[in-house]
Every structure is written in structure tokens, then in C-alpha cells.
Amino acid sequence: MNSRMQMMMRAWLAWLMVIAPAAAQEASSGRIGSRDSVEIRVFREDDLTTRGQLSTKGEIEMPLIGAVRLAGMTTTDAARAIEAKLHDGYLVKPEVTVAITARVRKTVTVLGQAQRPGVFQLDPNRELTIVEAIGLAGGMTRIANSKKITLKRKGSAKPIRVNVRAITAGEARDIPLRDGDVITIPESIF
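Keep in mind it's a predicted model, so treat the numbers as computed, not measured.

So, how was this worked out
- Residues numbered from 1 in each chain as written.
- Predicted model: local features only at pLDDT ≥ 70, side-chain atom pairs only at ≥ 80, totals over all residues.
- Heavy atoms only, no water.
- Pairing = 2+ DSSP bridges.
- Helix = DSSP H or I, 4+ residues; strand = E, 2+ residues; numbered from the N terminus.
- Axes fitted to C-alpha atoms, helices over the stretch in contact; angles between N-to-C directions.
- Salt bridge = Lys/Arg side-chain N within 4 Å of Asp/Glu carboxyl O.
- Core = buried A, V, L, I, M, F, W, Y, C linked by side-chain atoms within 4.5 Å.
- Buried < 20%, exposed > 50% of the residue type's maximum accessible area, 1.4 Å probe, protein only.

K.L.:
I tried to follow the sheet that holds strand β5 (residues 96-102) on my own but got confused; where do I start?
P.N.:
Sheet strands associate in pairs through backbone hydrogen bonding, adopting either a parallel or an antiparallel arrangement. Reading across the sheet, the 3 strands line up as β2-β1-β5 and stay open at both edges, with antiparallel pairing between neighbours. Only two strands of the sheet have a single partner each, and these edge strands are β2 (50-53) and β5. Geometrically, the sheet is characterised by an average inter-axis angle of 20° between neighbouring strands, direction not taken into account. As defined by bridge partners, strand β1 (residues 37-42) adjoins β2 across 4 bridges and the pair is classed as antiparallel.

Encoded structure:
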């Protein structure tokens, strides 16, 4: 190999050594979802290591302290909360790490007069709105009725009527989406 090739190879390897750990860290950290799987480690207390999926209430059972609600917290906040509970009568100075080992896939569905109707995954670290979901579906077709879009929420019998034209004009607020939401874009009748 010539010296230029070796230098490029070293630069590429150095870049990988910086980026790969950051990508792994991002996958194991962030906001914890209600059914995500986590691993909780307590420094020098192997018996307290806990692995598992959170319950539907967003909790996990831990030795000594029982059920701990983690859903909605960042991994750092969850570690601090567990440290506080362990410090309260059990350990002098607990050091806890929390990592997300698997995320439950959360989705929204866009149906009807969208350019590319389908199922779209929600980012667990970012809120997605109805206008953004329609954008992910390529926008509305030219025959779509943007004033009579419906939003069906999981567990709710009555759909919500949404006027996307008013939202995009700044006359109404955009709606944050939840896991399982179904957006239906009807056809406009001329």
C-alpha cells in the first residue's frame, strides 16, 4: 500500500472509532418508551442488575426497591431516580446506569388521498405532528379534502375531525401524534 492509501485508511479508522461508540450510545440512551426493554446496572452490586421489558404501566421490578416507573424518562433521569431510591435506606452511594436494550416500535398510519399512504414509525425522541406525518406520506393528492381529515386514536371510539388547511395557515394548532394513530385523508367531492 502506498503512503497516501495508508493515511486515508488511518483517517477512516479514526473516524469509525469516534462515530461507532456515539451511534451505540445513542441507540442505548434517550427517552424510555412504555414497553421498551432496559438493563439497569448498579456499580459493584451485581445482584441488583435488572434486565427486562417495562410493564404496560411503564414500570420494572427491581430487587430491594420494587416497582420503578421509567417510561417517559431519559436514561440519565431514570438512573438518578433509581439511585435516590437505593440511597434511601439501602446503599450509601449507589452508582446506577440505565440502558435501553430494545425499543418497541411505535407507528402511525396515513390512509386515503396521500401520495404514499402507509405506516410510519415514530421517533421515540421526537414528537411527530399530523402535518409532519402527512409530509412523510408525500403530502396530499390533488383531489384530497384537506378540511375534513380524520384522526382515529387507539382506544377512542370517536374520530377527531382535523382541518389541515387551517393548521398550515396558522389558524389552528397542529396535533401531536401518539402510537397507533390513524390519519385518513378523504377525497374532495367537486
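K.L.:
What am I meant to see in the pattern of salt bridges here?
P.N.:
Going through the model one piece at a time under the given rule, you end up with 7 salt bridges. A salt bridge links E39 to R41; the shortest N-O distance between them is 3.4 Å. The partner of E83 in a salt bridge is R80, and the shortest N-O contact between them spans 2.9 Å. Of the two residues, E83 and R80 are both situated in helix α2 (residues 75-87); the distance of 3 residues between them amounts to about one turn of the helix. A network of salt bridges, in which partner residues are shared, links E39, R41 and R51.

K.L.:
Teacher, can you tell me more about the nonpolar core here?
P.N.:
Note that soluble globular proteins tend to have their nonpolar side chains buried in a common cluster. If you look at the biggest cluster of nonpolar residues, it comprises 20 residues, and the most contacted ones within it are I32, I40, L70, I82, L86, V96 and V98. When residues of this core are traced back to their parent elements, those giving at least two are β1, β3 (59-62), α2 and β5. By residue number, the principal contributor to this core is α2, which donates 4 residues. By size, the runner-up hydrophobic cluster in this structure holds 19 residues, among which are V108, V110, A144 and I149.

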